[in-house]
Amino acid sequence: MHFISTRGCNEKIKGSKAIVNGLCSDGGLYVPTEFPYIKNKLNKFVSLSYNELCFEILKLFLDDFTEEELRSCIKKAYDNKFDTKIIAPTKKINNHYFLELYHGPTCAFKDMALTLMPHLLEKSLKKNNIKEEVVILTATSGDTGKAALEGFKNLNQIKIIVFFPEDGVSNIQKLQMRTQEGNNTYVVSINGNFDDAQSAVKNIFNDDEFNKYLLENNYRLSSANSINIGRLLPQIVYYFYSYLSLVRDKHIKLNDKTNFVVPTGNFGNILAAYYAKLMGLPINKLICASNENNILYDFFNTGKYDKNRILHLTTSPSMDILISSNLERLLFEISNRDDKKVNLLINSLNNKGFYEIDENMKLNLNTFHGEYATSAEVKENINKVFNENNYLIDTHTSVAYTAYEKYKQVNLEYISTIIVSTASPYKFSKDVLSSLGGDIKNLNEFDILERLSSYTNTEIPLPIENLKTANILHNRNCEKYELKKEIKNILKV
Ligand SMILES: *Cc1c(COP(=O)(O)O)cnc(C)c1O
């Protein structure tokens, strides 16, 4: 197994190298040279634990890791940091299923990959004889920053610096980051909004002189963002696990087809589902659920991807995105791996702000169905699901639920359907409580949590509950033009 670029340069490298590099030298994304077809093994996989299944799947891609190395990384990732032994439970609610991906240390689905990827990176540095210390730089609007801090804390040869916009994250998210423990974690707020933070960090990555200066001081910059193959591969696992758990519990028979509904932003999560299908998981449709930023809904319905539009701020902020980076990997597959076509499309996106795929590529999109939900529908359905089923979902999951309701109106045949649930309702408690009709006027964040808990008779997840008494460990703040100074300060160079 090797990894190659979606844009066709001649690199052909092993998994550990692809994890270290992050992005190919031609700007493309790493993809596996082939997808191992494991349909005939599903029978044997039915009884495996999450960790065992994770091992069976990852070893197919990361064959330059020894079995011991892989097992050790997986064991460190999926342990009692998760509040359930099952790691990713699938629950039957009414006539469909919810795959809960928020039982990790930061209560959002980013944990599924960011608990494992840092360990893979730590091993990959050794394997590739990288001597410098790696500095992970991240700009975050919320979920990623905290999950990355947790994932990378206390690892050898790695430091992590998270920049967040002072005006762009919720109070709970701020607290989550400012109370972060670990001997290698740094958190800095930037005066400004998310765009300011993001472009300031991008400028640092593109600053050759600064990168050279850091290298001379034995530091190498890297990012933990969702285009790294080390984040994508762990996400394939839970699609298999969820399907197999339905087989195990006799809700479906082996080889029956299921749908997955995925609330989508950067297209990482749903792409992993598509990869699972290419590996033989019996998937009928992948329903791509967007919020009011419905660029992907338009893409699946017209074949045209057009980012010339304004960004809406919605109640599902982790999906407020106009450029879904991982879509490039889908373009590569639906063009039958034609890197010249991918280059043309990406050039068009960069120069004109849009591209349109040809008829053959459109035909290859038939696994996907795009839908979107408005914030009003999201609110209504949080209320509906709770009242009808006594089951609480967050705003992102409600986007997916709404998309599924719309899909069912035009697709009448019953197919077992799994809705991917990406965040704990307590992470977005203000919008969840107000969806249920609760009055949030004059309540602070912790009052809201308590009221949500008593109203719904559900428990506040421990990592969020603990914030109330946690110590503030990070107080750094800087202007958006001061990042370099701040980094130098932190690294003492
Ligand atoms: C990141 C995120 C998403 C979107 O996932 P992508 O892989 O970017 O498509 C959805 N919901 C939540 C809660 C998230 O944090």
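Our structure is the block above this text.
In what follows, the accompanying structure is described.

Analysis parameters
Residues numbered from 1 in each chain as written. Predicted model: local features only at pLDDT ≥ 70, side-chain atom pairs only at ≥ 80, totals over all residues. Heavy atoms only, no water. Axes fitted to C-alpha atoms, helices over the stretch in contact; angles between N-to-C directions. Helix = DSSP H or I, 4+ residues; strand = E, 2+ residues; numbered from the N terminus. Parallel < 35°, antiparallel > 145°, perpendicular 65-115°, else oblique. Contact = heavy atoms within 4.5 Å. Nonpolar A, V, L, I, M, F, W, Y, C, P; charged D, E, K, R; others polar. Near = heavy atom within 4 Å. Polar contact = N/O pair within 3.5 Å; in protein donor to acceptor, adjacent residues only side chain to side chain. Areas by Shrake-Rupley, 256 points an atom, 1.4 Å probe, with all protein chains shown as cover. 1 Å grid on protein atoms, 1.4 Å probe; cavity = no way out; pocket = protein on both sides within 12 Å on 5 of 7 lines; lining within 4 Å. Points joined across faces, edges and corners; volume = space filled by probe spheres on them. Buried < 20%, exposed > 50% of the residue type's maximum accessible area, 1.4 Å probe, protein only. Pairing = 2+ DSSP bridges.

## Notes on the packing of helix α4 (residues 67-77) against helix α6 (residues 117-127)
Right, so step 1: It is at 9 Å that the axes of α4 and α6 come closest, and there the two elements cross at 150 degrees. In terms of axis orientation, α4 runs roughly antiparallel to α6. Between α4, through E69, L70, S72, C73, K76 and A77, and α6, the contact on the second element is made entirely by H119, L120, E122, K123 and K127.
Right, so step 2: When the residues that make up the contact of α4 with α6 are grouped by side-chain class, the tally is 4 nonpolar, 2 polar and 5 charged.

## Structural notes on the site of the ligand
Right, so step 1: Taken together, 15 residues lie around the ligand, and K110, G265, N266, N269 and T422 are the ones closest in.
Right, so step 2: A distance of 2.9 Å separates an oxygen atom of the ligand from a polar atom in the backbone of N269.
Right, so step 3: At 2.8 Å from a nitrogen atom of the ligand is found a side-chain nitrogen or oxygen belonging to T422.
Right, so step 4: When the ligand sits alone it has 380 Å² of accessible area, and the protein chains cover 97% of it.
Right, so step 5: Here the residues of the shell around the ligand are counted per class, giving 5 nonpolar, 8 polar and 2 charged.

## Considering the layout of surface pockets
Right, so step 1: Volume-wise, the second largest pocket comes out at about 810 Å³.
Right, so step 2: Taken together, 34 residues make up the lining of the second largest pocket; nearest its centre are P105, C107, P461, L462 and P463.
Right, so step 3: Elements that contribute at least two residues to the lining of the second largest pocket include exactly α7 (143-152) and α21 (462-465).

## Brief notes about helix α14 (residues 327-334)
Along an α-helix, a turn takes 3.6 residues, which lines up residues three or four apart on a common side.
Right, so step 1: Burial within α14 is extensive, with 8 of its 8 residues counted as buried.
Right, so step 2: Just past α14, the residue N336 takes up positive phi, approximately 55 degrees.

## With respect to the side chain of H474
Right, so step 1: Structurally, H474 is set in the loop between α21 and β15 (476-478).
Right, so step 2: A polar contact is formed between the side chain of H474 and the backbone oxygen of Q180, at a distance of 2.9 Å.
Right, so step 3: When residues no more than four places from it in sequence are discounted, the contact partners of H474 are M177, R178, Q180, T185, Y186 and V187.

## Details of the sheet that holds strand β13 (residues 368-372)
Right, so step 1: Strand order in the open sheet made by the 6 strands is β3-β4-β14-β9-β10-β13, with mixed pairing throughout. Single-partner strands in this sheet number two, and they are β3 (90-93) and β13. In this sheet, adjacent strand axes meet at a mean angle of 25 degrees when their direction is disregarded.
Right, so step 2: Here strand β4 (residues 96-100) runs beside strand β14 (residues 417-421); their pairing, made up of 4 bridges, is parallel.

## So, the environment of Q176
Right, so step 1: Inspection of the secondary structure puts Q176 in helix α8 (residues 171-178).
Right, so step 2: For the pair Q176 and N466, spaced 290 residues apart in sequence, the C-alpha to C-alpha distance is 9.6 Å.
Right, so step 3: Among all residues touching Q176, those that are not within four sequence positions of it are T106, K146, K427 and L467.

## Overview of the pairing of β3
Right, so step 1: Sheet analysis places β3 next to β4, joined by 4 bridges and oriented antiparallel. By the bridge assignment for β4, T90 is matched with L99.
Right, so step 2: The hairpin formed by β3 and β4 contains 2 residues between the paired strands, and N94 there has a positive phi angle of roughly 60 degrees.

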